[in-house]
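Each chain, letter by letter, is given below.
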Amino acid sequence: PIYLGNCQANNLEWKQVRKYKPTATKRKLDNGLEVKADGTILDNKVALPIVKEIGDRDRDQMVAIENPYVSYRRKNKWGNYEDKTADVDDLMAAAEYVDGDKSTMKRPRVLHKNMDYKDFHALNLKWVEESSSEYQEYMKRKKEDIDKLTKELNQNNPKFKLPDNQ
């Protein structure tokens, strides 16, 4: 008879099993969206536009947003369509494209290594601690880039003014 010994609890270790093959360049999420390694988000094989700016009617101007997202529609249990949105960093994380192990971190955040918050390629993303100097520098640069983009979007708007008078 074959006897499998050494199965005592102190010899066993819990490991998280990856949901996707590491070499997969396209991964389907539970919400039906497909995420590609280059940061493209597909719904029914159609690439969704990534929303990076929105109109602000109160201030009559365009505003660059902090967390780019995609919009898509899903049928609810009553057969009606509902509009849904999903943060692109969250989708890349759900598809396991963000490098590193966040399980040991207190406040894990997605860092864009090249400091471009609009570049969602898997090779550009990694988990870091929110308090790290690298992440703080990224957030500072991101705010500067958002303000710059907002200015560019409104260069022909006579009513334009950044909220903190920049």
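Residues numbered from 1 in each chain as written. Predicted model: local features only at pLDDT ≥ 70, side-chain atom pairs only at ≥ 80, totals over all residues. Heavy atoms only, no water.

> Describe the overall build of the chain, listing the residues and the values that go with them.
A tally of helices and strands in the chain yields two helices and nine strands. Taken from the N to the C terminus, the helices and strands of the chain come in the order β-β-β-β-β-β-β-α-β-β-α. In the chain, buried positions account for 31% of the 166 residues. In the chain, 44% of the contacts between residues at least 6 apart in sequence involve partners at least 24 apart. (Helix = DSSP H or I, 4+ residues; strand = E, 2+ residues; numbered from the N terminus. Buried < 20%, exposed > 50% of the residue type's maximum accessible area, 1.4 Å probe, protein only. Contact = heavy atoms within 4.5 Å.)

> Now, about the sheet that holds strand E1 (residues 26–28): what can you tell me, with residues and values included?
Reading across from one edge, E1-E2-E3-E4 is the order of the four strands in this open sheet, with antiparallel pairing throughout. Looking at which strands have only one partner, the edges of the open sheet turn out to be E1 and strand E4 (46–47). With two bridges joining them, strand E2 (residues 34–36) and strand E3 (residues 41–43) adopt antiparallel strand pairing. The residue bridging Glu 34 from the neighbouring strand is Leu 42, located in E3. (Pairing = 2+ DSSP bridges.)

> Would you mind going over the packing of aromatic side chains in detail, with residue names and values included?
On inspection of all chains with the given rule, the structure shows one aromatic pair. Aromatic side chains Tyr 135 and Tyr 138 sit 5.9 Å apart centroid to centroid with 45 degrees between the ring planes, which places their arrangement in the tilted category. With a gap of three residues between them, Tyr 135 and Tyr 138 both fall in helix H2 (residues 133–153), about one helical turn apart. You'll find Tyr 135 and Tyr 138 in the same group, each marked buried. (Phe/Tyr/Trp six-rings, centres within 6.5 Å; stacked < 30°, edge-to-face > 60°.)

> So, the sheet that holds strand E5 (residues 51–56): which residues are in play, and what are the values?
Reading across from one edge, E5-E6-E7 is the order of the three strands in this open sheet, with antiparallel pairing throughout. Unpaired on one side and paired on the other, E5 and strand E7 (81–87) mark the two borders of the sheet. The sheet shows a mean angle of 60 degrees between the axes of neighbouring strands, direction not considered. (Axes fitted to C-alpha atoms, helices over the stretch in contact; angles between N-to-C directions.)

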